Amino acid sequence: LEDYYKLYGMKLYYNENSLRKNIEMLKRGLNSKFRHPLNALVKVETEDEYLKYRKLMFMHMNIMIMRNYMKIGVRYDMKKIYFYNVDHAEEIRESLKIAEQFYKDALPYWFEAKKHAREASRIKLTTKLSNIQSERYTIITGELDFEKIISKHIQDIALKQAKLQNYLATSQ
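Report follows, based on the coordinates. (Residues numbered from 1 in each chain as written. Predicted model: local features only at pLDDT ≥ 70, side-chain atom pairs only at ≥ 80, totals over all residues. Heavy atoms only, no water.)

**What about the overall build of the chain?**
Within the chain one finds six helices and zero strands. Starting at the N terminus and walking to the C terminus, you meet the elements of the chain as α-α-α-α-α-α. On C-alpha atoms alone, the chain measures out to a radius of gyration of 20 Å, which is more than a quarter above the 16 Å that the 2.2 N^0.38 rule sets for 172 residues. For the chain, the spread of C-alpha atoms along the principal axes amounts to about 70 × 30 × 25 Å. Looking at the chain as a whole, 44% of its 172 residues are labelled buried. Put simply, of all contacts in the chain between residues at least 6 apart along the chain, 79% involve residues at least 24 apart. Split by element, the accessible area of the chain, about 10400 Å² in all, is 52% carbon and sulfur. In the chain, 31 positive and 22 negative side-chain charges are present, and the distance between their average locations comes to 2 Å. (Helix = DSSP H or I, 4+ residues; strand = E, 2+ residues; numbered from the N terminus. Rg over C-alpha atoms; globule rule 2.2 N^0.38 Å. Buried < 20%, exposed > 50% of the residue type's maximum accessible area, 1.4 Å probe, protein only. Contact = heavy atoms within 4.5 Å. Areas by Shrake-Rupley, 256 points an atom, 1.4 Å probe, with all protein chains shown as cover. Lys, Arg positive; Asp, Glu negative; His and termini not counted. Charge placed at Lys NZ, Arg CZ, Asp CG, Glu CD.)

Structural data, given as structure tokens:
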């Protein structure tokens, strides 16, 4: 798993193809074995530390996959629908449908991340993965809730589709 994590590369400028490759690589990582505890990304001395390390890595990789799905979805989403978009209504509908699917594809990875965050929280010790520990904390406290964010994106798409349909109906 750690090898796939280390291979993950998000450039400053990325395209959909690189996002899809990252998603596939991270998914393969989730289905791979962890390195031996001696070769973990941080020093692990006890079984509990190793278990927490694994839960945090599963959580983090699921979040990375979810975020990549969201980044692709945003590329197909439109910020706002205007009356003059009627000329391209079919393309916009298709684009919004694709965005909605990517948002929906992101949700299961959020739920998995939350599950692993809860499981990691049951182990009362701190690892050297401080940034991932902080991420876990924001999930557990509800400060970070991608379910709300993703649901809002999906609701907005429904509103945009209705607005587009309304513009189509009035333009005829």
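Next, the rest of the story.
**Quick look at helix α3 (residues 47–76)**
Compared with an ideal rise of 1.5 Å per residue, which puts 30 residues at 44 Å, α3 spans 44 Å between its outermost C-alpha atoms and is within 8% of the ideal. Of all the 30 residues making up α3, 21 are buried; the element is thus mostly covered by neighbouring parts of the structure. (Expected span 1.5 Å × (residues − 1).)

**With respect to helix α5 (residues 130–140)**
Taken together, the buried positions of α5 are occupied by I132, Q133, E135, R136, T138 and I139. G142 occupies a position one or two residues after α5 and carries a positive phi of about 85°.

**Here's the deal with the nonpolar core**
Ranked by internal contacts, the top residues of the largest apolar core, which has 47 residues, are Y53, M59, M66 and I150. Those elements that provide at least two residues to this core are α2 (16–30), α3, α4 (89–121), α5 and α6 (146–171). Here the element with the most residues in this core is α3; it accounts for 14 residues. (Core = buried A, V, L, I, M, F, W, Y, C linked by side-chain atoms within 4.5 Å.)

**Some details on the packing of aromatic side chains**
On inspection of all chains with the given rule, the structure shows ten aromatic pairs. Taking the centre distance of 6.5 Å and the plane angle of 75° together, the rings of F34 and Y50 count as edge-to-face. Here the residue F34 occupies a position in the loop between α2 and α3, and Y50 occupies one in helix α3, the gap between them amounting to 16 residues. The residues F34 and Y50 share a single accessibility class, namely buried. By the ring-pair criterion, three or more aromatic residues cluster together here, those being F34, Y50, Y53 and F58. (Phe/Tyr/Trp six-rings, centres within 6.5 Å; stacked < 30°, edge-to-face > 60°.)

**Structural notes on the packing of α3 against α5**
Where α3 meets α5, the closest approach of the two axes is 10 Å, and the angle between their N-to-C directions is 75°. The pairing of α3 with α5 is recorded here as roughly perpendicular in orientation. Within the contact between the two elements, α3 uses K52, L56, M57, M59, H60, I63 and R67 and α5 uses I132, Q133, E135, R136 and I139. By residue class, the composition of the contact of α3 with α5 is six nonpolar, two polar and four charged. (Axes fitted to C-alpha atoms, helices over the stretch in contact; angles between N-to-C directions. Parallel < 35°, antiparallel > 145°, perpendicular 65-115°, else oblique. Nonpolar A, V, L, I, M, F, W, Y, C, P; charged D, E, K, R; others polar.)

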